Amino acid sequence: MAEEVVMLTGNHSVSEAVKRVKPDVIAAYPITPQTAIIEYLSKLVDSGEMDSHFIRVESEHSALAAVAGASWAGARTFTATSSQGLLYMGEWVFWTGYARLPVVMAVVNRCLAPGWSIWVDLQDSMAFRDAGWIQIYNKNNQEVFDTTIQSYKIAESKDIALPVMPCLDGFVLSHTSSKVILSDPEEVYNFVGDYSDPIIEIDTGKPFAYGSIVMPDKYNKDRKDLMEAMERAKAKIKAVNKEFSETFGRTYGNGLIEKYGDDDADLTIVGIGTMADETQQAIDMLTSEGLKVNSVRVRTFRPFPTEDIIDIAKKNHKLLVIDRSVSFGHEGHLQMEIESVLKRNSIDTPVIGKVMGLGGEDVPYTRIAKVAKENL
Amino acid sequence: MPTTLKDLMNNPKEALLKGHFACAGCGSALAFRHAIGAIADKAVVVIPACCTSVYQGFGRGVAFDVPTINVAFASSDAVAAGIKHAMEKKGKEAHVVAWAGDGGTADIGIATLIGACDRQDNILHIMYSNNVYSNTGGQRSGDTPIGARTTTTPFGNKAQRKMVPFIMMANNASYVATASVAYIPDLVDKVKKAISYDGFKFIEIDASCPVAWKSDSADSIKVARLAVETGVWPLFEWDNKSNKAVLSKRGSKFRNKENRKPIEEWLNIQGRFKGMSDEEIKNLYADVDRQWTFLEKFLE
Amino acid sequence: MTEKEPSMPILYPIEGAAGLTGDWRTQRPIVDPEKCKMCNICWQYCPDLAITAANKDENKVIVFDYTYCKGCGICASECPFGAIHMEKEVD
Ligand SMILES: Cc1ncc(C[n+]2csc(CCOP(=O)(O)OP(=O)(O)O)c2C)c(N)n1
């Protein structure tokens, strides 16, 4: 089987990627808009097309607990969730990150209740930015496919050993079909490699205890190591992005951020997820009107691309940060991070923040362009 | 052949090492020693938040000589299932045991427990019940007997006891048993038998806690034995193939009420029941009757 | 980039994980060799594995491991022959 070009939803782009990396164990629980990912995988497993164990758990808490268990036992794993489901597994999100288990979990971004809404914003995954997971936000279904593959290579490398959360906007990506190049399964598998030398595994002849009571010095040692692994992950993500582009011919900026337009802009629009992709159209429009604007899409929110943000702030004159999530009592999450980076590095490029698109509110490029103009 | 004391002594490997952190007279540690000891060469244990997460030790090393994974309170069976699936996929043999207290089993972990049972995940759940949340200071759990003074029921627990073994029978576990630290060979037999079944297995062990029970540590076995002899703790096995319950040899005569000792004998050596009213004692008797009435339906 | 193993909360089995737990004892079990019938019931019930089993063939009675015995007294109360009694620790 060679490469295929198909029209595919974001959800099925995840499934197709997962199929190619051949996880040993999958456990998942349905929630809109993630459900199609796991329905498709269940079918592949039950029809024998995939040689994975699929555990149909009774809750998200158990979904992540089960894949964590499998990961402790040295298995390659996958799960997916969204919104309330992510919150429900919250205890395990932290547990998995702190445990350094290389679990890959697709998060289809959906806002949080009340009231019930199934549309996109990033409040769910942003609530877990401190859980020790690498978070990679995607702009289109091709990237969703590619990032899911890359996630395994990043997570399972021994010098990183961190779970990875590929994030895709609910409905905008999860349920919308677009052109996706599905790379040759064998090539994909070879790119990721097998997981025969796991980060940790369980053998009955080799007793050890994981996670017993721990004293503050050891606790701090582990957390410091996690911090350092996150720092190392920046280079790793870049390297994987590069290697991926050399193998498959597709690339996403430097892996951490993706720039659009020329430096030395009067205004740089910084965003994340599909809204950042929409921003590029706004940039085209504004540029055609003779305005000096450009944009940056933050691809990895964790680890945060600090050095890239410094570089951008130095090369441009003003930043407009568009957030699709917010810390109530403060401001948008992306804005928070950017301001802190600039402040820490004594860079006085002005930063303006705008929270938009909560609860699936449509944010067309024309609106982004309007906001940009107001702040030029 | 039933296990004998001699067999126990010939067990090649201990699962519990000397110098652990359990309190003097801890029923859970004793149960762990023998239950996990019986399968030590192939055991993997998953432990949610409970006394066992603490008494395994910390700092320089642990007292458990089997692979041990400590996990979040409500998730031992899900983790155990994940481990079992992974090991199966990798062609590794293991008896994966979720070892949890009554809180982690009957209360916060019950959805996870039943979920793993519904799926017939090939694991063994061992619930050691000290009838309270001992680790956090002895608060009431769903498995607290009527009348017990706990730190959250200072004037006596009023709620009926949640009989998890019956719940597991109703959910078609492949094997269900009750056991007691007073009858170690019987406990070991049940563990060994459990692992001979495919699918989800469940054992509840009555495990004394001198601290929460306000009993003398020297009485840890005596209290547990009295629970059986008074009928408070029926010892039985059940499997889904037969859908029949069988009373264990050591406890079978207590099916007949006339052979039972008065429950007061069990109550009186535990400070946790001090000050029980006649009404509470009556309610406790009724709750014990309720268990037997249920169990009778499955006995020959 | 150098390969690096992640730092994890992993511990390995050792004897005396909680230190020399014999220090916890307020009373110590004493066996009367005359009365010990070497049945090893006490051995079975010891939560602390602090009893070396008796050996009938070699005519050896049980031996307490005072390094780890916490002095719970189960052995004394379960001995069918009254061969074990508890004595207050003096220090
Ligand atoms: C989600 C969560 N809630 C509460 C706790 C606090 N907690 C730790 S152990 C425990 C009680 C455990 O009781 P049980 O399962 O009966 O075991 P035991 O302590 O009696 O051995 C509680 C409430 C926790 N660790 N996690």
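Just so you know, these numbers come straight off a predicted model, no measurement behind them.

### Examining the overall build of chain A
Counting its secondary structure elements, chain A contains 13 helices and 15 strands. Overall, chain A is about 70 × 50 × 45 Å in size when its C-alpha atoms are taken along their principal axes. In chain A, which comprises 376 residues, the share counted as buried stands at 63%. The contacts in chain A between residues at least 6 apart in sequence include a share of 80% that link residues at least 24 apart. As displayed, chain A has an accessible area near 13,400 Å², and 52% of this comes from carbon and sulfur atoms.

### Here's the deal with the interface of chain A and chain B
Contact with chain A, which involves 36 residues of that partner, is made by 41 residues of chain B. Surface buried jointly by chain A and chain B totals about 2,900 Å² across both partners, of which 65% is contributed by carbon and sulfur atoms. Across the chain A-chain B interface, the total number found is five salt bridges. Put simply, chain A and chain B have 13 residue pairs in polar contact (both at pLDDT 80 or more) between them. Of all the elements in the fold, those that place two or more residues in the side of chain A that touches chain B are strand 3 (53-55), helix 3 (60-72), helix 5 (90-99) and strand 9 (209-210) of chain A. Residues of the side of chain A that touches chain B, tallied by class, amount to 19 nonpolar, nine polar and eight charged.

### Brief notes about the interface of chain C and chain B
Opposite the 31 residues of chain C that make contact, chain B presents 41 residues. Buried area between chain C and chain B, both sides added, is near 2,900 Å², and the carbon and sulfur share of it is 59%. The three residues of chain C that bury the most area against chain B are W43, Q44 and L49 of chain C, which together make up 23% of that side's buried surface. Inspection of the region where chain C meets chain B yields two salt bridges. Where E78 of chain C meets R225 of chain B, a salt bridge forms, and the shortest distance between an N and an O atom there is 2.4 Å. Summed over the shared surface of chain C and chain B, the number is 19 residue pairs in polar contact (both at pLDDT 80 or more). Of all the secondary structure elements, the ones that give two or more residues to the side of chain C that touches chain B are helix 1 (41-45) and helix 2 (74-78) of chain C. By residue number, the principal contributor to the side of chain C that touches chain B is helix 1 of chain C, which donates four residues. A per-class count over the side of chain C that touches chain B returns 19 nonpolar, seven polar and five charged.

### What to know about the site of the ligand
Lining the immediate environment of the ligand, one finds 17 residues, of which C51, G103, G104, Y128 and N135 of chain B sit closest. Around the ligand, the neighbouring residues derive from chains A and B rather than from a single chain. Residue C51 of chain B places a main-chain N or O atom 2.9 Å away from an oxygen atom belonging to the ligand. Between the ligand and N130 of chain B, the relevant distance is 2.9 Å, taken from an oxygen atom to a side-chain nitrogen or oxygen of the residue.

### Looking at the confidence of the model for chain C
For chain C, per-residue confidence averages 95 on the pLDDT scale, and residues scoring 70 or more make up 96% of the total. Here the complex is predicted with pTM 0.98, and the ipTM for its interfaces comes to 0.98.

### Focus on unusual backbone geometry
T32 of chain A connects to P33 of chain A through a cis peptide bond whose omega is 5 degrees. Along the chain, P33 of chain A turns up in the loop between strand 2 (25-27) and helix 2 (35-46). Backbone torsion omega between A113 of chain A and P114 of chain A reads -5 degrees, so that peptide bond is classified as cis. Mapped onto the elements, P114 of chain A comes out in the loop between strand 5 (104-109) and helix 6 (123-126). Even without a glycine there, the phi angle at K22 of chain A is positive, about 55 degrees. Considering the arrangement of structural elements, one finds K22 of chain A in the loop between helix 1 (10-21) and strand 2. With a phi close to 65 degrees, N172 of chain B is a non-glycine residue in the positive phi region. Looking at the element boundaries, N172 of chain B is found in the loop between helix 7 (164-170) and strand 7 (175-180).

### Comments concerning the pattern of salt bridges
Residue and element names in this part refer to chain B. Following the criterion strictly, the structure yields 52 salt bridges over all chains and no others. Across the pair E229 and K261 runs a salt bridge whose closest N-O atoms are separated by 2.9 Å. Note that E229 is positioned in helix 10 (residues 220-229) and K261 in the loop between strand 10 (244-247) and helix 11 (263-268), a separation of 32 residues in sequence. Owing to a relative accessible area of 14%, E229 belongs among the buried residues under this scheme.

### Quick notes on the nonpolar core
Residues W72 of chain A together with W99 of chain B are the most contacted members of the largest nonpolar core, which totals 186 residues. No other element matches helix 3 of chain A, which puts eight residues into this core. Counting the residues that make up this core, at least three belong to each of domain 1 (4-248) and domain 2 (257-374) of chain A. Among the nonpolar cores identified, the runner-up in size contains 47 residues, and I136, A155, V164 and V192 of chain A belong to it.

### Concerning the environment of A68 of chain A
All names here are of chain A. Relative to the helices and strands, A68 resides in helix 3. Under the relative-accessibility criterion, A68 is labelled buried at 0%. Not counting the four nearest positions on each side in its chain, A68 is found in contact with W92, T96, L101 and V103.

Calculation criteria
- Residues numbered from 1 in each chain as written.
- Chains lettered and ligands numbered in written order.
- Predicted model: local features only at pLDDT ≥ 70, side-chain atom pairs only at ≥ 80, totals over all residues.
- Heavy atoms only, no water.
- Helix = DSSP H or I, 4+ residues; strand = E, 2+ residues; numbered from the N terminus.
- Buried < 20%, exposed > 50% of the residue type's maximum accessible area, 1.4 Å probe, protein only.
- Contact = heavy atoms within 4.5 Å.
- Areas by Shrake-Rupley, 256 points an atom, 1.4 Å probe, with all protein chains shown as cover.
- Buried area = accessible area lost by both parts, 1.4 Å probe.
- Salt bridge = Lys/Arg side-chain N within 4 Å of Asp/Glu carboxyl O.
- Polar contact = N/O pair within 3.5 Å; in protein donor to acceptor, adjacent residues only side chain to side chain.
- Nonpolar A, V, L, I, M, F, W, Y, C, P; charged D, E, K, R; others polar.
- Near = heavy atom within 4 Å.
- pLDDT = per-residue confidence, 0-100.
- Core = buried A, V, L, I, M, F, W, Y, C linked by side-chain atoms within 4.5 Å.
- Domains from an automatic or database assignment.

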